[in-house]
Amino acid sequence: MRSRWVWILVGIALVLRLLLLTFHETVEIDGVYYITMGKNFIQGNGLRDIEGNINTVFMPLYPIFTGVVSLIVSNGELAARLISIIFGALLILPVYGLARRIYDQKVALIAAAITAVYPALTYISSITYADSLYLFLITSAMYTGYRALQSGVLKEYIATAVLYSLAYLTRPEGWLYILMTALYVLWHKREQWKKAIKPAATVLIVACLVVLPYLAFVYTQSGDLSLSSKGYVIYKFRAYQPFSEEYEKNIFGLNEAKDDILLNPYKVRGSFVKEVIAQSDVFLLRYITNLVREIYIVIPKVFPFIIFSLFAFALRSWNKDEWKKESYLLMLVAYPILFYPLFWVEARYLLPILPIVILWAGKGIVQIAERWKSIKISWMITGIILVSLLGNIFANHLIDSRFEKINPPVEHKQAGLWVKEQYMHPRIMERKPWVSFYGGGTFVNFPYVNSYDELIIYACNNKVDLMVIDERYTAPLRPQVAALLGYPNPTLYPEVHKVYEEQAYPPKKSIMIYQINCDKKLF
């Protein structure tokens, strides 16, 4: 009977996420890359992205899933969202299973109910990011990992290794869960350490076998023998406040040849470890600042019901077995909290801790009701669910609010659809790749330049056909060429010709598209 309630909750979660799907007017930035990679993979062109490059920055599993599902629904954006929705709803199953194994049926049902409606989880399950699939895989691995520790059955360890490996193939930070699991097995069975060697080694060997083909692929494409080419790039990108002038200038500024941006993820090479050692004082200050911000600002934002989670520790009797159970969960929570400040801190990066803090919240609710009989479990659960349902309206604030989700770039989508009707696979220079995506073109980064002439040199070096000038990005981020947003004198700008214009009023933004004719350049 109770298992039936779990599937009812999965159904409720699925419906809620499908409703949220209708709220999204444009694809998300990462989704542009994932969807294009998936499309090209299915067409036999490899993991080639919107910029026309074989991509080793974004991991392959979500794009491949997207490509496969797009064969069924004939729409890459819808396919990406459906994958997120389905795995977001299915997340309830490992959450329920882990809570029931560690605590009891009552805590498991409470945790499953919160997971079904919690805003951060419902929202991330409706967008074209890999996070929903990643959360399902790591939480499933946490569940099978705990079962393996209890039963000692080798196939449970194999399943755990496979799931964590698939999580790594979804997001690169998944690799450390594999190493942590092997080390935890050795610690957990330290009193019989000889018996711990076989399962720990099994986890590592199976994981290596699963991920080895991708590691070989990364090596052939980049020449680097690394788990991902993302770490160093993200560390350098996040040295500056996103969208600040310093950020734009140091990342999107021109190189000396004026044919590329300064920090091109496909071409920049470096070692994260060497960078940290070379600037250890800068790294330490950055890490501590990020960690403090994460603990005191981001975690309460991600899960404001954290007070219930804390009661899971405050109102109980402790013994050796209790500490062993909680040490497993604490390890899994500590990893994201301590890892992400190395690079950058934002709300969605901490979503991997949510399944566990929700488990703790369920345990805390039960213990509060047991300690204070006048406080009913039903009251607390009803309150959390009602607040969560209301919170779904504001969940988009978890994603960057300055340029994207609160005021989606529908003008870019409309312009892209126009381009698709007028041009065949054009090369489009813009700050964000929406026109390129909806227009069926190749995206070229819009550089931070000192003058219009520099911009045209770069555009011609990169064989750009169309240039997007818009109120949303060009005006605040590329002020040197913002004059093109108005009605510029054609004699001053002979290399460009306006082919599309939409002058809009708030909350929509104006956008223009210029065709570039490099034969008319004056230099």
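S.K.: I'd like a rundown of the layout of surface pockets, residues and numbers included.
M.R.: Of the voids in this model, the second largest pocket is the one considered here, and its volume is about 870 Å³. Elements that contribute at least two residues to the lining of the second largest pocket include exactly helix 2 (29–42), helix 3 (61–73), helix 4 (76–90), helix 20 (410–422) and helix 21 (434–438). Here the lining of the second largest pocket takes six residues from helix 2, the largest share from any one element. For the lining of the second largest pocket, the per-class residue count stands at nine nonpolar, 18 polar and five charged.

S.K.: Hey, could you go over the side chain of Thr-36 for me, with residue numbers and the actual values?
M.R.: Inspection of the secondary structure puts Thr-36 in helix 2. Once you skip the residues sitting within four places of it in the chain, Thr-36 turns out to touch Arg-48, Asp-49, Ile-50 and Phe-437.

S.K.: Go over the pairing of strand 1 (residues 427–430), please, and point to the residues and values.
M.R.: Pairing of strand 1 with strand 2 (residues 442–445), which is carried by four bridges, proceeds in the parallel orientation. Paired with Met-429 across the bridge in strand 2 is Val-444. The pairing of strand 1 with strand 3 (residues 466–470) spans two bridges and is classified as parallel. Its bridge partner lying in strand 3, Ile-428 is registered against Leu-466.

S.K.: Describe a nonpolar patch on the surface, and please don't skip the residues or the numbers.
M.R.: Where nonpolar side chains cluster on the molecular surface, the patch consists of Trp-175, Leu-179, Leu-183, Leu-186, Trp-193, Ile-197 and Leu-204 and spans about 630 Å² of accessible area. Elements supplying a minimum of two residues to the nonpolar patch: helix 10 (175–188) and helix 11 (193–222). In terms of residue count, helix 10 provides more of the nonpolar patch than any other element does, four residues in total. Assignment of secondary structure puts Trp-175 in helix 10.

Rules behind the numbers
Residues numbered from 1 in each chain as written. Predicted model: local features only at pLDDT ≥ 70, side-chain atom pairs only at ≥ 80, totals over all residues. Heavy atoms only, no water. 1 Å grid on protein atoms, 1.4 Å probe; cavity = no way out; pocket = protein on both sides within 12 Å on 5 of 7 lines; lining within 4 Å. Points joined across faces, edges and corners; volume = space filled by probe spheres on them. Helix = DSSP H or I, 4+ residues; strand = E, 2+ residues; numbered from the N terminus. Nonpolar A, V, L, I, M, F, W, Y, C, P; charged D, E, K, R; others polar. Contact = heavy atoms within 4.5 Å. Pairing = 2+ DSSP bridges. Patch = residues over 30% accessible without salt bridge, like charges linked within 9 Å, V, L, I, M, F, W, Y side chains within 5 Å. Areas by Shrake-Rupley, 256 points an atom, 1.4 Å probe, with all protein chains shown as cover. Salt bridge = Lys/Arg side-chain N within 4 Å of Asp/Glu carboxyl O.

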